[in-house]
Amino acid sequence: MTNSSLLDEVVQWSQETCRQELKAVLPKLTSLHHKSESWDDHIRILKIITEMFLPHIGLSELEDECLSKILPKVVTMFDSMVKEILEQSGGLSSQNTELCSLLRNILQAMMQIIDALSTCVRHVGTFEEVPDLVTIRSLPACILKILRETFQHCKDSEVVYCGRLSLVADLLQGLFKEAYTLQKGLLELLDRISLDSSASEEEVSDIVTVIHSLLDICSIISNLDIALHANTWKFLIKQSLKYQSLVEEHLHHSDICNSLCDNLLTSFHNCVELAEQIKHGGLQEATQSTEYKLFQKSAKMCRFFANTLVHYIKEFKFFLAKYCSCFHQLYLQIISKFPPSLCAPALPSALSEELNAAALVPMEALLLQLLAFRPFVDVVLLPDLRLSPEHELPQCLLLVNALGQLSSQTEEVLQLWYSGSQFSEETPRLPLYQALFTSFRRCSTERQVPVLLPGLMMKGQAQIKVTPHHHICVQLCASVAALPPVYFPVLERCLADAVLQADTQTALLATDVWCFTARYGTAELCLHHVCLIAQLVKACTTECYQSFHLGLLLRRLVFLMTPSHQMELVARFPPSEVENLPVWRQVLLRALSQDARYRVVSDIIGLTQKALTDWQNGGYKLGQVHKVNVVLLALQAAVREQSSPEEQCVLSAVRIITQLWSRMSPDQLQTHPVLRSTLQLLLSISAILVKNLEHHIILQALLCVDAVVSQGCAEPQLLLAALELLSSLGTIFVPPDSQNQILPRLSSLFGVLLSDRSWLLHQHALEAFSHFAEITNHEEVISQSLCDEDTKTKVVNYLSKTVNAQGDVESRLQRLKLESAVIDQHNKRLENASNKQAADAVVDSEPCPKRARQETSAEEEYSRYIQTAESALKALQALSGPPPQWLGSRLKELQTLITNISTARHTT
């Protein structure tokens, strides 16, 4: 019997005949199927086997007798069909009917193959007993390969059919539906199968292959069908968890996690884009619009992928150490699209709430899952974390969120976050507090805008929006209140580092937290901190940024000290000693108790008077002026807060200032910078004491200011001090006999400073002139100061509070970003210079290395003996008391010896 006649005969058989002839005919049919070369023969034999003989094959024989023999050929034939379409479709057109017919026939053949495979799945499903995977081993692998090829072909159909998709669209749609049905049946079948811990390596390998194949299919169908995509992912994760103990070491965790993250980001970005389209189209209320329905579907997928990722991380966390950087970036990317990020779109509240539920809420769960995971903590607290500008604020918010969740964590987790890396072999990791201050510093643009964050919920009050500084400060202080004592040394080091870095706003945040720490702790802790900071202030140079930051901190902490501890501070750093003056010029005297304040003021006044007397007795030498300047800085702090002009310290200060003004010569100011420093201090002190100064002293001050302004040698700080004095002159009345000398100079100086091109000086000049104009009795000065029309317009606008034209929001934001970059570079230069100075100091303090011993030359011997003799004679000269009688004769002998040595050496 020929092959053709066998097939013709078999198709005429009844089901009973097929059952009876199964053993004899099935091997022949499988052999014919394997040898078939044409697609028609292949499909004809496949349908005969699956429709007529398959129903009579028992489950135990199914794999060996049938599936393993026919399915490999099925995959081969299906692949050849897809390949033929790819090769022929380039010439497809409505005129080429022959090619069109060929391609449609191939697609119909592909559908028949898929239908045959569905028959196999349905047959296996008819067995009451749950099949073992080994009994159908070939079926899942074959079907998943066919499904992958089918879905890929459907996805690429626009490109494959070269714009002639309409000619085959109906068949492609049918092909997709058949594949959809086949996958659904396969997944239901696989869901019935169970493996226990005794499963063979072969069975485990098969399950892993199924999971990875489904992952490949997920990457293909993501844009084809939302429901199919979601259901495939659900089954994939379900199988991974069902056989977790068997497959966890074999799964491609990187591919699964990356795919979940990519799908989450894609659906999230789709949500954001659709939300913006809805907003711009004014469709917020049109809940039945196509855009709104698409938004809801995308939000649903976003929430699904986010929750799936969180669940996967929870179950396979310890296999995901390498992918924590991916999770970190995912968190930052999603948070960056929500307020208060600068790149977050402004969305209607309803859409924003849906987006929050879909993405923001799961991100909180993601962080909670990873909070105790060391590899994730290592990534987040990496010392040199390189982030894009739009991710700086999300990083800061991540750290704040982590800080808020630590109170309920174990001791091990607390140590992981709070302590930083402890050993060299660990991955470098910053303490959380240090990382938070560093991150806050990098959010300079957001701080300048400023962006707004939720404030603290207060009972009976509506929640308000607050600045980043306020928000983070509250969170930090709450953390400090719950911090175990063992981590206080780390906290103190982090606060000190933050105060000593160059960014002033970051130092101010650290100062706020430090003050809370001191107030929350004991009085002894506060005293300890104040003494430590005072010692650091003494060690700083006058002009460095560290001195400014430490002074600000010291000034505030002194308010928190008890009166007895304030007196102890005075005793440890006596104001009567010059080296302690840098400490006391930083302290606000109103913070001190009455006894401490009296002691400090008295000592400073006395020390200033002594320095002035020493300068006077030394002949007013320029080389000693710097000593006077040191005490004047402290004197400025002492008189700054004296309420009554009749107080003794004010009167003493006036005498000192008057004496110094009498020594100031305008002619010397240009050539001697140290005198300009003195002038700056005198101007600031005189502004405080102006009501006590005689008018010839005020005239002398104006002459000096006029000299440095006209000579162009005045530093900005000096001009700001001059403005302080000019502003304060509005409080006094100049008598008629002095008006001709004082008022014209006052008007002239105001005119010059109001027209200054420096925005800083111009602003301070406007403020000073405004204050002067409000309180002065000499109104003629006002008009005489405004001779220039441009200056007059600016002053009038300032007084009337006219706001200059504001640029649009985007322009302002770009300007702030540029300013932030400039400020950041400036701060880095300051820190680099400070670090270099510190390194040089360390080098200078180290002893010189010992030199290798060398033979002493004759010249070195001469030098050594001469130095010894010279030292001995100098020591003899320094002795006090009456000399012995024999000293004269011995000196003559030495002189004779020196003469003989000199004569002998010259003759040789």
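Since the model is a prediction, treat every value here as computed from it, not as a measurement.

Peer 1: So what's going on with the overall build of the protein chain? Residues and values would help.
Peer 2: Of the regular secondary structure elements, the protein chain holds 40 helices and two strands. Taking 2.2 N^0.38 as the reference for a compact globule, 908 residues should give roughly 29 Å; the C-alpha atoms of the protein chain span a radius of gyration of 44 Å, well beyond that estimate. When the backbone C-alpha atoms are referred to their principal axes, the protein chain occupies close to 150 × 85 × 60 Å. Looking at the protein chain as a whole, 46% of its 908 residues are labelled buried. Sequence-distant contacts in the protein chain: of pairs separated by 6 or more residues, those separated by 24 or more amount to 76%. Summed over all atoms, the accessible surface of the protein chain reaches about 46,600 Å², with 53% contributed by carbon and sulfur. Taking the average place of the 76 positive charges on the side chains of the protein chain and the average place of its 98 negative ones, the gap between the two points comes to 6 Å.

Peer 1: I'd love a proper account of the confidence of the model for the protein chain, names of residues and values included.
Peer 2: Interpretation of the predicted coordinates at a detailed level should be avoided for regions scoring low in pLDDT. Averaged over all residues, the pLDDT of the protein chain equals 89, while 93% of them reach at least 70. Per-residue pLDDT, averaged within each element of the protein chain, yields its smallest value for helix H39 (residues 858–878) (63) and its largest for helix H19 (residues 432–442) (97). Low pLDDT (under 50) marks residues 848–856, which in the prediction has three contacts with non-local residues, meaning those over four places away or in another chain.

Peer 1: Any chance you could break down the packing of aromatic side chains for me, citing the residues and the numbers?
Peer 2: Here the structure, examined in full by the defined rule, presents 15 aromatic pairs. Taken together, Phe 151, Phe 176 and Tyr 180 form an aromatic cluster joined through their ring pairs. The side chain of Arg 447 reaches across the aromatic face of Phe 440, ending 4.8 Å from its centre.

Peer 1: A description of the layout of surface pockets should follow, citing residues and the corresponding values.
Peer 2: Reported here for the second largest pocket is a volume of approximately 660 Å³. Taken together, 27 residues form the lining of the second largest pocket, with Phe 338, Pro 339, Pro 340, Leu 360 and Pro 454 sitting closest to its centre. Counting only elements with at least two residues in the lining of the second largest pocket, the list comes to helix H14 (324–335), helix H15 (349–370), helix H17 (392–405), strand E1 (453–454) and helix H21 (468–481). By residue number, the principal contributor to the lining of the second largest pocket is H15, which donates seven residues.

Peer 1: I'd like to hear about the side chain of Gln 244, residue by residue, with values.
Peer 2: Here Gln 244 lies in helix H11 (residues 244–247). A distance of 2.8 Å separates a polar side-chain atom of Gln 244 from the backbone oxygen of Glu 315. Here Gln 244 is in contact with Glu 315 and Phe 316, once residues within four sequence places are set aside.

Peer 1: Let's hear about a nonpolar patch on the surface: which residues, and what values?
Peer 2: On the surface, Leu 873, Leu 891, Leu 894, Leu 897 and Ile 901 cluster together to form a nonpolar patch covering roughly 430 Å² of accessible area. Per-element accounting of the nonpolar patch gives the leading share, four residues, to helix H40 (residues 887–907). Counting through the fold element by element, Leu 891 comes out in helix H40.

Peer 1: Mind laying out H17, listing which residues take part and the relevant values?
Peer 2: The end-to-end C-alpha distance of H17, which contains 14 residues, comes to 20 Å, matching closely the 20 Å that a straight helix rising 1.5 Å per residue would cover. Among the 14 residues that make up H17, twelve are buried, leaving the element largely enclosed by the rest of the structure. Residues of H17 that are buried include every one of Glu 392, Leu 393, Pro 394, Gln 395, Cys 396, Leu 397, Leu 398, Leu 399, Val 400, Ala 402, Leu 403 and Gln 405, and no others.

Peer 1: Talk me through the packing of helix H35 (residues 759–775) against helix H37 (residues 789–799); I want residue IDs and the actual numbers.
Peer 2: At a minimum axis separation of 10 Å, H35 and H37 run at an interaxial angle of 70 degrees. Considered as vectors, H35 and H37 are oriented roughly perpendicular to each other. Considering the relative orientation of H35 and H37, their crossing is right-handed. Contacts between H35 and H37 pair His 762, Gln 763, Leu 766, Glu 767, Phe 769 and Ser 770 from the former with Lys 794, Val 795, Tyr 798 and Leu 799 from the latter.

Peer 1: Run through empty space enclosed by the protein, naming residues and quoting values.
Peer 2: Applying the stated criterion across every chain yields a total of two cavities of 30 Å³ or more. If you add up the space inside the largest cavity, you get close to 90 Å³. Along its surface, the largest cavity is lined by 14 residues, and Leu 385, Gln 395, Ala 435, Ser 439 and Arg 442 are the ones closest to its centre. The set of elements that each furnish at least two residues to the lining of the largest cavity consists of H17 and H19. Looking at the lining of the largest cavity element by element, the count peaks at four residues for H19. Here the second largest cavity defines a volume of roughly 30 Å³. The wall of the second largest cavity is formed by Leu 729, Ile 732, Val 734, Ile 742, Leu 743, Leu 746, Phe 772 and His 778. Tallying contributions element by element places helix H34 (residues 736–754) first for the lining of the second largest cavity, with three residues.

Peer 1: Summarise the side chain of Glu 63; cite the residues concerned and give the values.
Peer 2: You can see Glu 63 is positioned in helix H4 (residues 59–88). Buried charge without a partner: Glu 63 forms no salt bridge, and the closest opposite charge is Arg 137, 6.4 Å away.

Peer 1: Provide a residue-level description of the environment of Gly 58, including the pertinent values.
Peer 2: Mapped onto the elements of the fold, Gly 58 is located in the loop between helix H3 (39–53) and H4. Between the alpha carbons of Gly 58 and Val 124 there is a distance of 9.4 Å; along the sequence they are 66 residues apart.

Peer 1: A description of the pattern of salt bridges should follow, citing residues and the corresponding values.
Peer 2: Counted by the stated rule, this structure contains 19 salt bridges. Between Glu 568 and Arg 572 there is a salt bridge whose closest N-O contact spans 2.9 Å. Here the residue Glu 568 and the residue Arg 572 both occupy positions in helix H26 (residues 563–572), the gap between them amounting to four residues, near one helical turn. What makes Glu 568 partly exposed here is its relative accessible area of 29%. A salt bridge links Asp 824 to Lys 828, with the nearest nitrogen and oxygen atoms 3.4 Å apart. Of the two residues, Asp 824 and Lys 828 both sit in helix H38 (residues 809–845), four residues apart, roughly one turn of that helix. Asp 824 sits in the partly exposed class, given a relative accessible area of 28%. Overlapping salt bridges, with partners in common, bring together Arg 374, Asp 378, Glu 426 and Arg 429 in one network.

Peer 1: Talk me through the nonpolar core; I want residue IDs and the actual numbers.
Peer 2: In this structure, Phe 53 and Trp 417 are the most contacted members of the largest nonpolar core, which totals 288 residues. Ignoring any residue separated from it by four or fewer positions in sequence, one finds Trp 417 in contact with Leu 371, Val 377, Val 380, Leu 381, Leu 399, Ala 402, Leu 406, Leu 430, Pro 431 and Leu 432.

Peer 1: Which residues make up unusual backbone geometry, and what are the values?
Peer 2: Only a minority of non-glycine residues have a phi that is not negative, and only a minority of peptide bonds are not trans. In this model, Pro 339 is joined to Pro 340 through a cis peptide bond whose omega is 15 degrees. When you line up the elements, Pro 340 lands in the loop between H14 and H15. Following Val 449, the chain continues to Pro 450 via a peptide bond in cis, the omega torsion being -15 degrees. Within the fold, Pro 450 resides in the loop between helix H20 (444–448) and E1. In this model, Tyr 620 sits at a positive phi of 50 degrees, which is unusual for a non-glycine residue. Mapped onto the fold, Tyr 620 is located in the loop between helix H28 (594–617) and helix H29 (625–639). On the basis of relative accessibility, which here comes to 23%, the residue Tyr 620 falls in the partly exposed class.

Peer 1: I'd like a rundown of the environment of Glu 63, residues and numbers included.
Peer 2: With a relative accessible area of 9%, Glu 63 lands in the buried category. For the pair Glu 63 and Ala 534, spaced 471 residues apart in sequence, the C-alpha separation works out to 86 Å. Within the local environment of Glu 63, its side chain forms a polar contact with the side chain of Ser 138, the two groups lying 2.5 Å apart.

Peer 1: Any chance you could break down helix H2 (residues 15–35) for me, citing the residues and the numbers?
Peer 2: In this model, H2 (21 residues) spans only 25 Å end to end at C-alpha, well below the 30 Å of a helix rising 1.5 Å per residue. Leu 22 marks the point of greatest bend in H2, at about 80 degrees. For H2, the full list of buried residues reads Cys 18, Leu 22, Val 25, Leu 26, Leu 29, Thr 30, Leu 32 and His 33.

Peer 1: Provide a residue-level description of the packing of H14 against H15, including the pertinent values.
Peer 2: Direction vectors running N to C along H14 and H15 enclose 150 degrees, while the axes themselves pass 10 Å from each other. The angle between H14 and H15 places the two elements in the roughly antiparallel class. For the element pair H14 and H15, the recorded crossing hand is left-handed. Judged by residue contacts, Phe 327, Leu 330, Tyr 331, Ile 334 and Ile 335 of H14 engage Ala 359, Leu 360, Met 363, Glu 364, Leu 366, Leu 367 and Leu 370 from H15. Per-class residue counts for the contact of H14 with H15 are eleven nonpolar, no polar and one charged.

Peer 1: Tell me what's going on with the environment of Gly 281, and back it up with residues and numbers.
Peer 2: Mapping Gly 281 onto the fold places it in the loop between helix H12 (253–280) and helix H13 (290–316). It is 100 Å that separates the C-alpha atoms of Gly 281 and Ala 869, two residues lying 588 residues apart in sequence.

Conventions and cut-offs
- Residues numbered from 1 in each chain as written.
- Predicted model: local features only at pLDDT ≥ 70, side-chain atom pairs only at ≥ 80, totals over all residues.
- Heavy atoms only, no water.
- Helix = DSSP H or I, 4+ residues; strand = E, 2+ residues; numbered from the N terminus.
- Rg over C-alpha atoms; globule rule 2.2 N^0.38 Å.
- Buried < 20%, exposed > 50% of the residue type's maximum accessible area, 1.4 Å probe, protein only.
- Contact = heavy atoms within 4.5 Å.
- Areas by Shrake-Rupley, 256 points an atom, 1.4 Å probe, with all protein chains shown as cover.
- Lys, Arg positive; Asp, Glu negative; His and termini not counted.
- Charge placed at Lys NZ, Arg CZ, Asp CG, Glu CD.
- pLDDT = per-residue confidence, 0-100.
- Phe/Tyr/Trp six-rings, centres within 6.5 Å; stacked < 30°, edge-to-face > 60°.
- Lys NZ or Arg CZ within 6 Å of the ring centre and 35° of its normal.
- 1 Å grid on protein atoms, 1.4 Å probe; cavity = no way out; pocket = protein on both sides within 12 Å on 5 of 7 lines; lining within 4 Å.
- Points joined across faces, edges and corners; volume = space filled by probe spheres on them.
- Polar contact = N/O pair within 3.5 Å; in protein donor to acceptor, adjacent residues only side chain to side chain.
- Patch = residues over 30% accessible without salt bridge, like charges linked within 9 Å, V, L, I, M, F, W, Y side chains within 5 Å.
- Salt bridge = Lys/Arg side-chain N within 4 Å of Asp/Glu carboxyl O.
- Expected span 1.5 Å × (residues − 1).
- Axes fitted to C-alpha atoms, helices over the stretch in contact; angles between N-to-C directions.
- Parallel < 35°, antiparallel > 145°, perpendicular 65-115°, else oblique.
- Left-handed = near helix turned anticlockwise from the far one by under 90°.
- Core = buried A, V, L, I, M, F, W, Y, C linked by side-chain atoms within 4.5 Å.
- Bend = angle between axes of the 7 residues up to and from the residue.
- Nonpolar A, V, L, I, M, F, W, Y, C, P; charged D, E, K, R; others polar.

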